[in-house]
Amino acid sequence: IVARYDTDRGVWVPLSSSVNLTDNSVTAQVNHFSTFQLMQASPASSFDQVKVFPNPFRPSQGHQAITLANLLSESVVRIYNLSGELIKELTASSAGLASWNGLTEKGESSASGVYLAYCESGSQRKTVKFVIQR
């Protein structure tokens, strides 16, 4: 995967990346200049270490997507609001990553508030909480 360095938090942030084995390339879409590097990401074997970042997700401060990491390969992630309404369904990559741009299934911006991400793969399940702050 391609990752960018977040100088504010001092961490590497994985980006949604595509691997082309035919021409041995890795691509990712970026929205600004930064320090980037190629990294290896491996899917988790359980949901024990699922991470959500940035949390809170603040589009008004330039955040483009919220990322769920340490997922099982190809696991399903369903995003719900606190009313129990399904907002978006995602599928984790083979590296155990899923990204969400904050838009609903209808393409509308999700409101500020608390959201739950229900992660599922086979018999394993985990719910994590995050915030959107517009």
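A short tour of the structure in this document, coming up. Residue numbers here run from 1 along each chain, matching the order of that chain's written sequence. Under the rules for a predicted model, residues below a pLDDT of 70 receive no local features and side-chain atom pairs below 80 are neither given nor counted, while totals for whole chains, interfaces and linings still include all residues. Only hydrogens and water are removed before side-chain values are computed, so all heavy atoms of the structure are retained for them.

1. Comments concerning the packing of aromatic side chains
- Centres within 6.5 Å are what make two rings of Phe, Tyr or Trp a pair, Trp counting through its six-membered ring; a difference in plane orientation under 30 degrees is then read as stacked, over 60 as edge-to-face, and the rest as tilted. All chains considered together, the criterion is met by four aromatic pairs.
- For the ring pair Y115 and F130, a centre distance of 5.9 Å and an interplane angle of 20 degrees mean the geometry is stacked. Placement of Y115 in strand β11 (residues 113–121) and of F130 in strand β12 (residues 124–132) is noted, with a sequence separation of 15 residues between them. Residue Y115 shares its accessibility class with F130, and that shared class is buried. Counting from the N terminus, the helices are DSSP H or I runs at least four residues long and the strands are E runs at least two residues long. Burial here depends on accessible area, computed with a 1.4 Å probe over protein chains only, as a share of the maximum for the residue type. Under 20% is buried, over 50% is exposed, and the range in between is partly exposed.

2. Considerations on the pairing of strand β1 (residues 2–6)
- In this structure, β1 lies alongside strand β5 (residues 36–38), joined through three bridges in antiparallel fashion. Looking across to β5, one finds that R4 is bridged to F36.
- Following β1, the chain reverses through four residues before pairing antiparallel with strand β2 (residues 11–14); G10 in that reversal takes a positive phi of roughly 70 degrees. DSSP calls a pair of strands paired once it identifies at least 2 bridges connecting them.

3. Quick look at the sheet that holds strand β8 (residues 76–81)
- Reading across from one edge, β9-β8-β11-β12 is the order of the four strands in this open sheet, with antiparallel pairing throughout. The open sheet terminates on both sides in strands that have one partner only, identified here as β9 (86–91) and β12. For this sheet, the mean angle separating the axes of adjacent strands, direction not counted, is 20 degrees.
- Sheet topology note: the β8/β11 ladder contains six bridges and is antiparallel. Lines fitted to the C-alpha atoms define the axes, with helices restricted to the stretch that makes contact. Angles between their N-to-C directions range from 0 to 180 degrees.

Keep in mind that these numbers describe shape and distance, not what the molecule does.
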